[in-house]
Amino acid sequence: MTFPPRRLRLAAVALLALSACACASLDPSAQSGSSASPAPPAAAAPAASARPAAQQQAVAAPAPQGPPAAPPAKPADPEAVPSAMTAQVFYEVLVGELTLRSGDPGAGYALVLDSAKRTRDPQLFQRATEIALQSRSGDAALMAARAWKQALPDSRDARRLELQILIAMNRLAETAEPLRTEIAATPQVEKPVLMNVIARNYSRATDKKLAASVVEQALSDELKAPATAAPAWAAIGRVRLAAGDSAGAMDAAKKGLQADATAEAPAVLALELMDANQADAEGLIKAYLDNPKASPEVRMGYARELAQDRRYAESSAQLTILTRQQPELPEPWLLLGTLQAQAKQDAAADTSVKRYISLVEKQADTDERGRALTQAYFVLAQTAERRKDFPAAEAWLAKIDNPEDLYATQLRRAALLARQDKLAEGRELIRALPATTADQRRQKQLAEVQLLRDAKRYQEAYDLLAQASAAAPEDGDLIYDQAMVAEKLNRMDDMERLLRRLIVMKPDNQNAYNALGYSLADRKVRLDEAKTLIQKAVQLAPDDPFIADSLGWVEFRMGNNQEATRILEAAYKQRPDPEIAAHLGEVLWSSGQRDRAMVVWKEAVKADAENETLQETLKRLRVKP
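Below: a short report on this structure.

About the criteria used
Residues numbered from 1 in each chain as written. Predicted model: local features only at pLDDT ≥ 70, side-chain atom pairs only at ≥ 80, totals over all residues. Heavy atoms only, no water. Core = buried A, V, L, I, M, F, W, Y, C linked by side-chain atoms within 4.5 Å. Buried < 20%, exposed > 50% of the residue type's maximum accessible area, 1.4 Å probe, protein only. Contact = heavy atoms within 4.5 Å. Phe/Tyr/Trp six-rings, centres within 6.5 Å; stacked < 30°, edge-to-face > 60°. Helix = DSSP H or I, 4+ residues; strand = E, 2+ residues; numbered from the N terminus. Axes fitted to C-alpha atoms, helices over the stretch in contact; angles between N-to-C directions. Parallel < 35°, antiparallel > 145°, perpendicular 65-115°, else oblique. Left-handed = near helix turned anticlockwise from the far one by under 90°. Nonpolar A, V, L, I, M, F, W, Y, C, P; charged D, E, K, R; others polar. Polar contact = N/O pair within 3.5 Å; in protein donor to acceptor, adjacent residues only side chain to side chain. Expected span 1.5 Å × (residues − 1). Salt bridge = Lys/Arg side-chain N within 4 Å of Asp/Glu carboxyl O.

**Observations concerning the nonpolar core**
Residues Met495 and Leu499 are the most contacted members of the largest nonpolar core, which totals 44 residues. For Leu499, the residues in contact, after removing those within four places along its chain, are Tyr480, Ala483, Met484, Ala512, Ala515 and Leu516. The next biggest cluster of nonpolar side chains, apart from the first, holds 25 residues, and it includes Val93, Leu100, Ala151 and Ala158.

**Structural notes on the packing of aromatic side chains**
Applying the stated criterion across every chain, the model contains 4 aromatic pairs. Measuring from centroid to centroid gives 6.2 Å for Phe125 and Trp148, while their planes differ by 5 degrees, and the two rings are stacked. Remark: Trp148 occurs in helix H7 (residues 138–151) and Phe125 occurs in helix H6 (residues 122–134); sequence separation between them is 23 residues. With respect to burial, Phe125 and Trp148 carry one shared label: buried. Ring centres of Trp553 and Phe556 lie 5.2 Å apart, and the angle between their planes is 35 degrees; on these two criteria the pair is classed as tilted. With a gap of 3 residues between them, Trp553 and Phe556 both fall in helix H31 (residues 545–557), about one helical turn apart.

**So, the packing of H7 against helix H8 (residues 156–168)**
Between H7 and H8, the least distance of the axes is 8 Å, while the angle of their chain directions is 155 degrees. It follows from the interaxial angle that H7 and H8 lie roughly antiparallel. Judged by the twist between their axes, the crossing of H7 over H8 is left-handed. Across from Gly138, Ala141, Leu142, Ala145, Arg146, Trp148 and Lys149 in H7, the residues of H8 making contact are Asp157, Ala158, Leu161, Glu162, Ile165 and Leu166. Along the lines of polarity and charge, the residues of the contact of H7 with H8 split into 8 nonpolar, 1 polar and 4 charged.

**As for the packing of helix H16 (residues 281–289) against helix H17 (residues 296–308)**
Angle between the axes and distance between the axes are the two parameters that describe a pair of packed helices. It is at 11 Å that the axes of H16 and H17 come closest, and there the two elements cross at 140 degrees. In this view, H16 runs oblique relative to H17, as classed from their interaxial angle. Judged by the twist between their axes, the crossing of H16 over H17 is left-handed. Here Glu282, Ile285, Lys286, Tyr288 and Leu289 of H16 lie close against H17, whose contacting residues are Val298, Arg299, Tyr302 and Leu306.

**Section: the side chain of Thr119**
By secondary structure assignment, the location of Thr119 is in helix H5 (residues 105–119). A relative accessible area of 14% places Thr119 in the buried class. A distance of 2.8 Å separates a polar side-chain atom of Thr119 from the backbone oxygen of Ser115.

**What about H17?**
A rise of 1.5 Å per residue sets the reference length of H17, with its 13 residues, at 18 Å; its end C-alpha atoms lie 18 Å apart and thus fit the reference within 8%. Among all positions of H17, only Val298, Arg299, Met300, Gly301, Tyr302, Ala303, Glu305, Leu306 and Ala307 are buried. Structurally, H17 contributes buried residues whose contacts are with helix H15 (264–275), H16, helix H18 (312–325) and helix H19 (330–342).

**Focus: the environment of Ile547**
When you line up the elements, Ile547 lands in helix H31. It is 8.8 Å that separates the C-alpha atoms of Ile547 and Ala571, two residues lying 24 residues apart in sequence. With sequence-adjacent residues up to four places away left out, Ile547 is seen in contact with Gln510, Asn514, Ile534, Ala537, Val538 and Ala541.

**Overview of the environment of Asp544**
Mapping Asp544 onto the fold places it in the loop between helix H30 (527–540) and H31. Judged by relative accessible area, Asp544 falls into the buried class, the value being 8%. For Asp544, the side chain forms a polar contact with the main-chain nitrogen of Phe546, separated by 2.9 Å.

**Here's the deal with the pattern of salt bridges**
Two side chains of opposite charge can pair, provided their charged atoms sit close to one another. All told, the structure shown has 47 salt bridges when counted by the stated rule. In this structure, Arg412 engages Glu385 in a salt bridge whose closest nitrogen and oxygen atoms are separated by 2.8 Å. Of the two residues, Arg412 is situated in helix H23 (residues 406–419) and Glu385 in helix H21 (residues 367–386); the sequence distance between them amounts to 27 residues. Its salt-bridge partner being Arg526, residue Glu496 comes within 2.7 Å of it at the nearest N-O pair. One end of the pair, Glu496, is in helix H28 (residues 492–505); the other, Arg526, is in the loop between helix H29 (510–522) and H30, and 30 residues separate them in sequence. Given a relative accessible area of 40%, Arg526 falls into the partly exposed group. Overlapping salt bridges bring together Asp139, Arg146, Lys149, Glu162, Arg171 and Glu174 as one network.

Rendered as structure tokens:
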């Protein structure tokens, strides 16, 4: 008989399986030619650790003196646990797998699931579910998971799998009963972890409002128990937040911390709410961090949020606390060093970043570690460049060996060359970089423009930007940069034209409003219009200290010294930048507060004596701090 190819393969495998099972069932005495009947199977030998102490001592006792003994035999492998698979079941599973591979997942699934039901083997139920999921058959996967649960009612794996499938299928109402059962079956010590998993899984549901309702009902008993109330409220809050109910999530975070002021989960929820711009969330975080048991991870997350909101001084303060309390944690040192470098506190930045490197250099090499080390080397190269130690800067860049960072490293090298009066070499290095994508070509253009701007070759920078903008007319960043270079060339009409074009193109671009308003204020023209433009920028970015600086400056130009001082003092406190210091010092100086002005200017000179706005201000006022 001629078999079709698929059946031929199945028949061959079946014969092989049956032969293997037949060989395995032969008694050793039969294989040696004995005609005795097979002995009944012996009971499995106990493990060595289960032997009586006397027997263990006998095994360990030295052999009597005599002729040299043969080398000890290799210990026998532990006896395998007998499988529930018969030859027939083994055959069906093999046929099911081959049927799956040959393109018939339905038949393969049916064979494996039938075998699972007959053997009550969890691995076979798991495999049947996997086959169904790989075939994108949610109903079949659910059938397998429920068959598993029916065969083994106490299996938590079966119940969890059923829950995951129901959530993925958005059949949330059906999850209530198995979810409550799973919560009840979970040991008390594991419940906080379970609630975190519940929040993560239900947050992915399609009907997020129903998901929040189901979770809250399932956790009703946990909310009443002091040991679990805090993580339960945190889980409910996270699902509410996923459903868009920020107010409900905030209420859950508050109740969680009321239940346990030291609980980490509600504090983590408050961090998520802070990221979602919930005004009261930060107060919850601060209150949590006041307790001595506060998690360092929460403080680190808070520091990141502050840095993201450009509240750098506050972020640095949190990181300083964290590095003092947990000096062995690497990540806080790197973020602190980065912020210190940004504030041009270079000596402190070097100390912090080198501390980070010393802590991670013995860790396993991972992608995350590699990226963080690259950031550390860039910071150290930057501080070395600022103190004009160019060999040291190049040495730090040479440590970066990640191919993904080739562009950034070469661009930094080009800047180093330009700082050493080797502008042509720097530009050539940039131009030699391969550029296979539009983004890479844009990076090269902007890097070359920056070299030209730093070298005060503004006309060449303007021409290069005009060329790039013509090729990408919708690129707002190019338009903005061209406007800023036009200002350096004193081509104010061009600058205003470009910024107004950008405002029309991107009406939510706060930088365009701010730059145009500041330019008008600085030239003491159209001050009412300047203030209106800057106020619009403040609406779009209320926490930006540089935009606040512009608002303070236009108030000063309009003669409102008291209001200007208030705004600029707050901006300088938030971001002690030399340009803000230059403006604050001038307002204080003109208001008669000359001692305070000198203090501010001295701080600015110490941070960056080469800042153009600072230099121009001191020269015009004939002041030497």
